[in-house]
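Observations on the three-dimensional arrangement
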Amino acid sequence: MSGKSAKKLRLTLLKSPFGTGKDHMATVRGLGLRRLRHTVEVEDTPSMRGMINKVNYMLKCEEI
């Protein structure tokens, strides 16, 4: 990148993915979330936005 830092998003898992189906559980794991109230920071990319939109009812998302 050209000196600019990429935008980041802070994600927190608020609802358990159990009972939501294998694809939603895999998406939560793919975002790096492991347990309830676990928080991770991810790059703000179109692919990450798509994953977040898929399981948005389980997450709290904040821009950093």
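These remarks concern the structure in this document. Bear in mind the structure is a predicted one, so any value in this text is a computation, not a measurement. (Residues numbered from 1 in each chain as written. Predicted model: local features only at pLDDT ≥ 70, side-chain atom pairs only at ≥ 80, totals over all residues. Heavy atoms only, no water.)

**Observations regarding the pairing of strand β1 (residues 8-13)**
Counted only if it meets this: When DSSP finds two or more bridges between a pair of strands, those strands are recorded as paired. Secondary structure is summarised from DSSP: a helix means a run of H or I of at least four residues, a strand means a run of E of at least two, and numbering begins at the N terminus for each.
Pairing geometry for β1 and strand β2 (residues 39-43), over five bridges, is antiparallel. Directly across from lysine 8, in β2, lies its bridge partner glutamate 43. Sheet analysis places β1 next to strand β3 (residues 59-63), joined by five bridges and oriented antiparallel. Directly across from threonine 12, in β3, lies its bridge partner lysine 60.

**What about the pattern of salt bridges?**
A side chain with one charge can pair with a side chain of the opposite charge if their charged atoms come near. What counts, and what does not: Salt bridge criterion: a side-chain nitrogen from Lys or Arg within 4 Å of a carboxyl oxygen from Asp or Glu. Each residue is placed in one exposure class: buried if its accessible area under a 1.4 Å probe, protein chains only, is under 20% of its type's maximum, exposed if it is over 50%, and partly exposed if it falls in between.
Here the structure, examined in full by the defined rule, presents six salt bridges. The residue glutamate 43 makes a salt bridge to lysine 8 at a minimum N-O spacing of 3.6 Å. Taken together, the residues span a long stretch of sequence, with glutamate 43 in strand β2 and lysine 8 in strand β1 at a distance of 35 residues. For glutamate 43, a relative accessible area of 33% translates into the label partly exposed. With its nearest N and O atoms 2.7 Å apart, the salt bridge here joins aspartate 44 to arginine 49. Given a relative accessible area of 33%, arginine 49 falls into the partly exposed group. What you see here is one network of salt bridges that share partners, running through Lys7, Asp44, Arg49 and Glu63.

**Quick notes on the sheet that holds β1**
Which entries qualify depends on this criterion: Here an axis means a line fitted to C-alpha atoms, over the contact stretch when the element is a helix, while the angle between two N-to-C directions is reported on a 0 to 180 degree scale.
Taken in spatial order, the three strands make up an open sheet running β2-β1-β3, and their pairing is antiparallel. Bordering the open sheet on either side are β2 and β3, each of which pairs with just one other strand. Pairwise comparison of adjacent strand axes, ignoring direction, gives a mean angle of 25° for this sheet.

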